[in-house]
Every structure is written in C-alpha cells, then in structure tokens.
Amino acid sequence: MFTEKIKIIHQGDPNGNGWIVRIKLPSGRNVFALATENVYGGDWDLGPTWNYVVQTENPFLVDTGRYGMGGRLLEMIDQAGLSVQDLKGITLSHGHEDHDGGLVELTQRTGIPAWVHPIYSCLSRSYPQQAPHSSKENFSASCWHCFMPESFTVAHCLEYHKERSSLDSRLLEGSLLPFDSGIRIHHLPGHCPDSMAFQIDTEALIVGDNILPEITPHPSQEAFFLWTQKILPPEFDRPEKIYGLRAYLRSLKRLVALGREYPQMIVLQAHRLFYDHSWRMIELEKRSGEIIEHHLQRCASILSFLQKEGPRTIKEIVLSHFESKLLKGLGTKMAEGEIKSHLELLEHSGDVEWKREDKVKATGTTLFEQYIRNI
Ligand SMILES: [Zn+2]
Ligand SMILES: [Zn+2]
C-alpha cells in the first residue's frame, strides 16, 4: 500500500494543492513530494504540479512549479526539514511552464545549478532574428507555435520568457545523472520534445507528464518542427524524433517495457499524485498501455467519422469528438491540437489525405493499427 510508505508532513487541500509528503523507498532512501498550485481549472484541470526532492547521496530537485512558484517551493523544502543548500542540482521533467516556471528564481536565489536537456536549452531561448513574426521576438522558441492571442501572451508570458531566456544551465547528456550515477535519465519526447523521466535505481520513476492517472497527456505536433528545426541540436533532424504522436507512442512503448522489467517500481507523476481526496497510484506497464490504446481508439474513431461523413475540416472533427463543455475558451484550441496530432499520424499511415478547402479525407485504407504496432 502506498499509504504505508508515506509520511504526511503537511496536508493540503482535497485536490493536492500544498501537500508535502515523504515517500520511503524500499532501500530506505526518501523522496519528498511537494505540490505547488496551478492556474488551470474547470474541465481541463490537471491539479497542482508535484515537484520531487530525491534524497540520495547527492540530493536533487525535479521540477519547479509554475511561474512565480520558486519562492513557495523554497518554503516547502524548508518545511519538509530539508536544507536547500544540500541540493546538488535542479532539473526538469520537461519544459512546460507548470514545471520550469520557478527554475530561474530558484537558481538565482540559491546558486544551485540547473541541469537541463540539450533540447530545453535550445528551445527556452529567444532568437529575435529567427522568430516567426515580430510579436514573438522576445518569446522562447518553444512557444513560437503557441495559439494564444498576442494580447494574452504579452500580458501573461513575456516576463517568464525573458527570464528563462537568460538561464545559465548545464546540459544533461548521456543516460545517467552527471552528479549521481544511481539515477538513470530516460529521454521520452512526444508530450514535449525535451520530456524526461528519472529512474531511481529500480525503486521509483519520476515520470513527469509522460503518463498521468485518468488524464491522457497531450501529444505535441510534428508541425512544430517547422519552426524550430534551425535551432535544435543537429541530431534531432527529423520531426518524428521529438514531436508528435509518433514520438509519443514510441516513448510510451519504452515505458511499457520498463514497467514490464521492473513491475515493483513506484511511479511518481507530475500531476494528481493525490487528487479528489485520494492517492492515485499508477502501474507503469498498465497505464502506459492504456494511453497507447486511447490514441489507437482515437485514430480509429477519427478515421471512421471521415469514412462515414466524407471530407471534413478540423473544426468539424473536433465537434464530433469532444463534449461541448470541453470546448469553451482555450478548450477548443487544445482539442484542435489533439485532433491535429492524430491526423498527422493517420496521414503517415496513408489512411487520410488533405483536400482543398482545408478538408481532410479518408483514403479508404485502415493501416494505422499496423503502423502504430511498428512504431
Ligand atoms: Zn506538460
Ligand atoms: Zn504539467
């Protein structure tokens, strides 16, 4: 039972906000889970970000909450009875704002080095000469494809982007954490091109947003590569290596294999470790398999819709696949992104093609299942 392994240091709210918990691993080592508040809510609610301090001989922090949460996290580390100065490094599960938002503040206030994936290092910077249009000049490359209107991004994101653009970081290269060889790093692109998981021997896996309970994390789109290919490290020379559903499915398959190899491994996810009054434990192999199945089913249902209804626009596909309560405000754009990443895969498998007037059409084949099996 998970509850037997944990000690509650601070009890937060029923959705996990503010919780501080110590998790004892079988070896006796501790991992501290610290949940910092997020802004999202309503039907797309993820719950807070669960950041983790791993107490090995060389302790480190994974994730830093959303923008503005650096100071809050320092207080929580203190409240957990830990000394911030003992940390040998701060690292990230991936470069989304609810995970790297507090990074610059934390490194500036503590002097502890930030260790980031080489892709993160490239995408978190701004390139005024290469930005797609002038309004994006001061924004990090990771957000050049962002669908939010300029009025919103300038008001809410500009400071965050300016800060992260100035970050002085060290690169995580290779498969072991440079300052602790007991920690294996898995690069698992798809949800985000720099997504990683941190494996603590064979005892626990800090898995970020790669898999979550109940929620199926968003895949990115291969189309994003068009914006960023010029600035990425040269080895990431194909979109499907780091973006989109193909990359994500490949990463999920690796997690299935890892879960099969180490079925006892405790999974520590970045959202909903505790949510709606209860602990949400994940079985690595089972949950990774469920998410693969979800995407397979979504491909199947998009294809059968197009086979039945004839050529359709993305908007029409969205309306047929998402409940109207999910399509308010930002929800529509998120749903569109989700459909686009599935259409990219269906186009690669040969099952759909684009027609005039932005309509997509079924070609008559049903090859995607075999295609996904071969990824
Ligand atoms: Zn994310
Ligand atoms: Zn997240």
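Residues numbered from 1 in each chain as written. Chains lettered and ligands numbered in written order. Predicted model: local features only at pLDDT ≥ 70, side-chain atom pairs only at ≥ 80, totals over all residues. Heavy atoms only, no water.

### Details of the coordination of the zinc ion (ligand 1)
Consideration 1: The protein atoms that coordinate the zinc ion (ligand 1) are His94 (NE2), His96 (ND1), His191 (NE2) and Asp209 (OD), at distances spanning 2.2 to 2.4 Å.
Consideration 2: One can describe the donor arrangement at the zinc ion (ligand 1) as irregular, given that its 4 donor atoms subtend angles of 89 to 169° at the metal.
Consideration 3: A separation of 3.5 Å is found between the zinc ion (ligand 1) and the zinc ion (ligand 2), both of which receive a donor from Asp209. Residue His191 is located in the loop between β10 (180-187) and β11 (196-200), and its partner Asp209 is located in the loop between β12 (204-208) and α8 (225-228); the two are separated by 18 residues in the primary sequence.
Consideration 4: The exposure class of His191 is buried, given its relative accessible area of 9%.
Consideration 5: Given a relative accessible area of 5%, Asp209 falls into the buried group. (Donors = N, O, S within 2.8 Å, 3.2 Å for Na, K, Ca; no water. Tetrahedral: all angles 85-135°; square planar, octahedral: opposite > 155°, others 65-115°. Helix = DSSP H or I, 4+ residues; strand = E, 2+ residues; numbered from the N terminus. Buried < 20%, exposed > 50% of the residue type's maximum accessible area, 1.4 Å probe, protein only.)

### Thoughts on the domain arrangement of the protein
Consideration 1: Partitioning the protein into structural domains gives domain 1 (2-124 + 167-282) and domain 2 (292-374).
Consideration 2: The distance between the C-alpha centroids of domain 1 and domain 2 comes to 30 Å.
Consideration 3: The interface of domain 1 with domain 2 comprises 17 residues on the first partner and 22 residues on the second.
Consideration 4: Regarding the contact of domain 1 and domain 2, the summed buried area is about 1700 Å², with carbon and sulfur atoms giving 63% of it.
Consideration 5: Our enumeration of links across domain 1 and domain 2 arrives at 0 salt bridges.
Consideration 6: Counting across the interface, domain 1 meets domain 2 through 8 residue pairs in polar contact (both at pLDDT 80 or more).
Consideration 7: Its residues assigned to classes, the side of domain 1 that touches domain 2 shows 9 nonpolar, 4 polar and 4 charged. (Domains from an automatic or database assignment. Contact = heavy atoms within 4.5 Å. Buried area = accessible area lost by both parts, 1.4 Å probe. Salt bridge = Lys/Arg side-chain N within 4 Å of Asp/Glu carboxyl O. Polar contact = N/O pair within 3.5 Å; in protein donor to acceptor, adjacent residues only side chain to side chain. Nonpolar A, V, L, I, M, F, W, Y, C, P; charged D, E, K, R; others polar.)

### Topic: the coordination of the zinc ion (ligand 2)
Consideration 1: Distances from the zinc ion (ligand 2) to its protein donors, namely Asp98 (OD), His99 (NE2), Asp209 (OD) and His271 (NE2), fall within the range 2.1 to 2.2 Å.
Consideration 2: Metal-centred angles of 87 to 161° between the 4 donor atoms at the zinc ion (ligand 2) mark the site as irregular.
Consideration 3: Each donor residue of the zinc ion (ligand 2) belongs to the same chain, with the gaps between them written as D-H-x109-D-x61-H.

### Topic: helix α4 (residues 103-110)
Consideration 1: For α4, the complete set of buried residues consists of Leu103, Val104, Leu106, Thr107 and Thr110. Projected onto a plane normal to the axis of α4, the buried residues spread over an arc of 165° and lie on a single side. For α4, the exposed residues lying more than 90 degrees away from the buried face are Gln108 and Arg109.
Consideration 2: Just downstream of α4, Gly111 is the residue with a positive phi angle, here 80°. (Arc of directions from axis to C-beta.)

### Let's talk about the packing of helix α11 (residues 284-309) against helix α12 (residues 314-321)
Any two packed helices are characterised by the angle at which their axes cross and by the distance between the axes.
Consideration 1: At their nearest, the axes of α11 and α12 sit 11 Å apart, and the two run at 115° to each other. For α11 against α12, the interelement crossing comes out right-handed. For the pair formed by α11 and α12, the contact residues are Arg298, Ser301, Ile302, Phe305 and Leu306 on the first element and Glu316, Ile317, Ser320 and His321 on the second.
Consideration 2: Classifying every residue of the contact of α11 with α12 by side-chain character gives 4 nonpolar, 3 polar and 2 charged. (Axes fitted to C-alpha atoms, helices over the stretch in contact; angles between N-to-C directions. Left-handed = near helix turned anticlockwise from the far one by under 90°.)

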